[in-house]
Amino acid sequence: AERWGKLTPEEKSWEFAGHTYIKRTEATQALVDVLADVSRQRQTQPTLIGTIAGVPLSAHYSYSNSALIVSSPVGNLPSGIPDNLVRDDLVRTGEEQLNIGQRRSGLLTRMESAVTGIAQQTEFARNDLAEWTATLERLESTDGVTQYPRSGELNAARDELNKINRRIEAFNNSAGQK
């Protein structure tokens, strides 16, 4: 995923339905075909549709959204894909038909962005981890770390809460409750 963003268009390849494509137009058509199959079969369980840069992509049909949902290891793409975008046997408006090629190409772009996003999220996680590790090391090495100043009050409140919980439990199990 990290390498994907650095590749030139000529170096990129896409895999859909078990075939590798080196031309973007062919990859787009293969993606549309595999999504159309998921749509026609109304597969409600995530089904592997292909990979980009080794990142697996799955799709399923969502009845609640009336659309196809595509997911990667870091989550779903932000919006569903309407059936009539990938299926030629369904009705489209005139405007949808005019922009069909561009909209289909946009599907592949969205999936590529999800792959690029994985690399970005990994970098964010690495930075956060380094920051948290430094904070933890700083706190652990600090002299004079003391207990919570009002720990006596806190413990007394916990004891009182436990007593109340025991009384509630006893009542719930009593003949008066039943």
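J.: Please clarify how helix H4 (residues 100-140) should be interpreted in this entry.
T.: Taking 1.5 Å as the rise per residue, H4 with 41 residues should run 60 Å; its terminal C-alpha atoms sit 59 Å apart, in good agreement. Those residues of H4 not exposed but buried are Ile100, Arg104, Leu107, Leu108, Met111, Glu112, Ala114, Val115, Gly117, Ile118 and Ala119.

J.: Just to check I follow, could you spell out the packing of helix H1 (residues 24-41) against H4 for this structure?
T.: Any two packed helices are characterised by how steeply their axes cross, that is the angle between the axes, and by the distance between the axes. One can describe the packing of H1 onto H4 by two numbers: an axis separation of 9 Å at closest approach and a directional angle of 90°. In terms of orientation, H1 lies roughly perpendicular with respect to H4. Two secondary-structure elements touch here, H1 through Arg24, Ala27, Thr28, Gln29, Leu31, Val32 and Leu35 and H4 through Arg104, Ser105, Leu107, Leu108, Thr109, Met111 and Glu112. Among the residues making up the contact of H1 with H4, the classes are represented as 7 nonpolar, 4 polar and 3 charged.

J.: Which parts of the structure should I look at to understand the environment of aspartate 88?
T.: Inspection of the secondary structure puts aspartate 88 in the loop between helix H2 (83-86) and helix H3 (94-98). For aspartate 88 and valine 32, which are 56 residues apart along the polypeptide, the C-alpha to C-alpha distance reads 10.0 Å. Among the polar contacts made by the side chain of aspartate 88, one reaches the side chain of arginine 92 at a distance of 2.7 Å.

J.: How do you make sense of the packing of aromatic side chains when you look at a structure like this?
T.: We describe a pair of aromatic rings using the distance from one ring centre to the other and the angle between the two ring planes. All chains considered together, the criterion is met by 1 aromatic pair. Aromatic pair tyrosine 61 and tyrosine 63: ring centres 5.0 Å apart, planes at 80°, arrangement edge-to-face. Residue tyrosine 61 is classed as buried on the basis of its relative accessible area of 5%. A residue is classified by how much of its surface remains accessible, and tyrosine 63, at 54% relative accessible area, is exposed. Positioned above the aromatic ring of tyrosine 61, the side-chain terminus of arginine 42 is 3.9 Å from the ring centre.

J.: I would appreciate a short explanation of the side chain of asparagine 84 in the present structure.
T.: Note on placement: asparagine 84 falls in helix H2. Not counting the four nearest positions on each side in its chain, asparagine 84 is found in contact with Leu90, Val91, Arg92, Glu96 and Ile100.

J.: Explain the sheet that holds strand E4 (residues 55-62) to me, please; I cannot follow it from the model alone.
T.: Strand order in the open sheet made by the 6 strands is E2-E1-E3-E4-E5-E6, with antiparallel pairing throughout. The open sheet terminates on both sides in strands that have one partner only, identified here as strand E2 (19-21) and strand E6 (75-76). Of the pairings in the sheet, the one linking strand E1 (residues 14-16) to E2 comprises 3 bridges and is antiparallel in character. When the sheet's bridge partners are listed, glutamate 15 is paired in E2 with threonine 20.

J.: Honestly, the side chain of threonine 28 in this entry has me stumped. Any pointers?
T.: Along the chain, threonine 28 falls in helix H1. Accessibility expressed as a relative area gives 10% for threonine 28, which makes it buried.

J.: Can you help me understand the environment of glutamate 11 in this one?
T.: Of note, glutamate 11 is situated in the segment before E1. Between the C-alpha atoms of glutamate 11 and lysine 23, which are 12 residues apart in sequence, the distance is 9.9 Å.

J.: What exactly am I supposed to notice about the pattern of salt bridges here?
T.: Two side chains that carry opposite charge are able to pair once their charged atoms sit near each other. Counted by the stated rule, this structure contains 8 salt bridges. The salt bridge partner of glutamate 112 is arginine 24, with a shortest N-O separation of 2.7 Å. Taken together, the residues glutamate 112 in helix H4 and arginine 24 in helix H1 connect sequence positions 88 residues apart. The partly exposed category is assigned to arginine 24, whose relative accessible area is 29%. Here glutamate 153 makes a salt bridge to arginine 150, at a shortest N to O gap of 3.1 Å. Beyond isolated ion pairs, a larger network of salt bridges with shared partners links Asp88, Arg92 and Arg104.

Quick notes on the rules
Residues numbered from 1 in each chain as written. Predicted model: local features only at pLDDT ≥ 70, side-chain atom pairs only at ≥ 80, totals over all residues. Heavy atoms only, no water. Helix = DSSP H or I, 4+ residues; strand = E, 2+ residues; numbered from the N terminus. Expected span 1.5 Å × (residues − 1). Buried < 20%, exposed > 50% of the residue type's maximum accessible area, 1.4 Å probe, protein only. Axes fitted to C-alpha atoms, helices over the stretch in contact; angles between N-to-C directions. Parallel < 35°, antiparallel > 145°, perpendicular 65-115°, else oblique. Contact = heavy atoms within 4.5 Å. Nonpolar A, V, L, I, M, F, W, Y, C, P; charged D, E, K, R; others polar. Polar contact = N/O pair within 3.5 Å; in protein donor to acceptor, adjacent residues only side chain to side chain. Phe/Tyr/Trp six-rings, centres within 6.5 Å; stacked < 30°, edge-to-face > 60°. Lys NZ or Arg CZ within 6 Å of the ring centre and 35° of its normal. Pairing = 2+ DSSP bridges. Salt bridge = Lys/Arg side-chain N within 4 Å of Asp/Glu carboxyl O.

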